[in-house]
Amino acid sequence: MVGAVIVHKGNIIGEGWHYQAGQPHAEVNAINSVKDKSLLKDATIYVSLEPCSHFGKTPPCANLIIEHHIPNVVIGCVDSFSEVSGKGIQKLKNNGYTVTVGVLENECIEVNKRFFTFHNKKRPYIILKWGETNDGFISPENNTEITWITNTYSRQLVHKLRAEEHAILVGTNTAITDNPKLDCRTWKGNNPVRIVLDRVLKIPNDYHLFDGNIKTIVITTTDSIKNQESKTNLIYETIDFSENIATQICDVLYKHQLQSVIIEGGSKTLQHFIDTNLWDEARIFKGETTFLEGIKAPKFKGIVVDSITIKEDTLTIYNND
């Protein structure tokens, strides 16, 4: 998610942003939007992320800036992707251009926090999400069917949030009890890749998770996978469930190039990521419902960054401190 603005003598003469992977970058769109290209030789280009210097899906933007002789380049933050990481800045400096780095750096990093987490920490950006009752339970004690805690507006917002992330993960018990689709059917957007933990492959084959409509990764054991074959949109990956599960899950998701994941539970799965301190953000929906007894919501500590009222529900967003 990158934006670029070109300024000439205090006036904006060009703007552009990166619409989608594989399409022209922000700098390209900004330069193309300038009507009088002769002004570029006296202009400044502001870009939120370091211009690329390599041939990937598109040509290098650093070369384009040099080609159009834009003398001043202001960069929000350095690109941590190994193919770029300072090389675009160095190329511009080597060709005599004035480069300023770190303007609104924190804000620029925030916009691409999933990208930076993926490349810097070699794991996806991890979002914990659950709904809890007013008295702190996430489900009844012996839950055998879906029990709604939040209202329909909160549930639609959950689908919107799913459309904004790369993957979504649930544990075995949640999958068996809820038979979830894990899609964003009440919101327009891309469905996340479905990840499900199923150590001994207990989830029935006729469940929604195995309908082939969405790419689904089943994380299981080497013994359980012996008689299984990956099919269209169904992939089996193995881990050692006696070791640190959260770390191994992150390795699997990194292998599949998934830059973000929502951990939707249940309680044991969520708590495991919390106890391992492998999470970046938590989104907790609280409804007016009370259970009096049941399965308690996970315990964690975080910094409240936002609170949203959804009729009688409340969504609180936390960052990991």
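Whatever comes next refers back to the structure up there.
Keep in mind that this is a model prediction, so the values were computed, not measured.

(A) Quick look at helix 6 (residues 152-163). Taking 1.5 Å as the rise per residue, helix 6 with 12 residues should run 16 Å; its terminal C-alpha atoms sit 17 Å apart, in good agreement. What helix 6 keeps buried is the set Ser-154, Val-158, His-159, Leu-161 and Arg-162. Around the axis of helix 6, the buried residues are gathered within 160 degrees of arc, so they sit on the same side. Check the buried side of helix 6 and you find it contacts strand 6 (125-132), strand 8 (167-170), strand 12 (260-263), strand 13 (281-286), strand 15 (303-310) and strand 16 (313-319). The N-capping residue of helix 6, defined by a side-chain oxygen 3.0 Å from the backbone nitrogen of Tyr-153, is Asn-151.

(B) The arrangement of the nonpolar core in detail. Membership of the largest hydrophobic core comes to 31 residues, with the highest contact counts inside it found for Ile-126, Leu-128, Ile-195, Ile-219, Ile-249 and Phe-273. For this core, the secondary-structure elements that each account for two or more residues are strand 6, strand 8, strand 9 (193-197), strand 10 (216-220), helix 8 (245-255), strand 12, helix 9 (267-275) and strand 13. Top element by residues in this core is helix 8. It accounts for six residues. Setting aside anything within four residues of it in sequence, one finds Ile-195 in contact with Ala-167, Ile-168, Leu-169, Val-170, Ile-217, Ile-219, Leu-253 and Leu-258. In this structure, Ile-13, Ala-26, Ile-45 and Ala-62 belong to the second largest nonpolar core, which totals 28 residues.

(C) Representation of the pairing of strand 13 in the model. Summarising burial for strand 13: five of the six residues are buried, a large majority. Direction of pairing for strand 6 relative to strand 13: parallel, over a ladder of six bridges. Residue pairing in the sheet places Lys-129 in a bridge with Arg-283 of strand 13. The pairing of strand 13 with strand 16 spans six bridges and is antiparallel. Bridge assignment links Ala-282 to a residue of strand 16, and that residue is Tyr-318.

(D) How the structure looks around unusual backbone geometry. The phi torsion at Lys-9 lies on the positive side, around 50 degrees, for a residue other than glycine. Phi is positive for Lys-311, which is not a glycine, with a value near 55 degrees. Mapped onto the secondary structure, Lys-311 falls in the loop between strand 15 and strand 16.

(E) Structural view of the environment of Lys-215. Locating Lys-215 in the fold gives a position in the loop between strand 9 and strand 10. Here Lys-215 falls in the partly exposed class, since its relative accessible area comes to 29%. Taking the C-alpha atoms as reference points, Lys-215 and Asp-240, 25 residues apart in sequence, are found 23 Å from one another.

(F) Geometry of the side chain of Arg-194. Topologically, Arg-194 is positioned in strand 9. In terms of polar contacts, Arg-194 uses its side chain to reach the backbone carbonyl oxygen of Leu-209, at 3.0 Å.

(G) Main features of helix 1 (residues 26-33). Along helix 1, the residues classified as buried are Ala-26, Glu-27, Asn-29, Ala-30 and Ile-31. Next to the buried residues of helix 1 lie strand 1 (3-8), strand 2 (11-17), strand 3 (44-49) and helix 2 (61-67).

(H) Highlighting the pairing of strand 16. Buried residues dominate strand 16, accounting for five of its seven residues. Where strand 15 and strand 16 come together, seven bridges link them in antiparallel fashion. Bridge pairing in strand 16 places Ile-310 opposite Asp-313. Between strand 15 and strand 16, which follow one another and run antiparallel, lie two residues, and Lys-311 among them has a positive phi close to 55 degrees.

Parameters and conventions
Residues numbered from 1 in each chain as written. Predicted model: local features only at pLDDT ≥ 70, side-chain atom pairs only at ≥ 80, totals over all residues. Heavy atoms only, no water. Helix = DSSP H or I, 4+ residues; strand = E, 2+ residues; numbered from the N terminus. Expected span 1.5 Å × (residues − 1). Buried < 20%, exposed > 50% of the residue type's maximum accessible area, 1.4 Å probe, protein only. Arc of directions from axis to C-beta. Contact = heavy atoms within 4.5 Å. Polar contact = N/O pair within 3.5 Å; in protein donor to acceptor, adjacent residues only side chain to side chain. Core = buried A, V, L, I, M, F, W, Y, C linked by side-chain atoms within 4.5 Å. Pairing = 2+ DSSP bridges.

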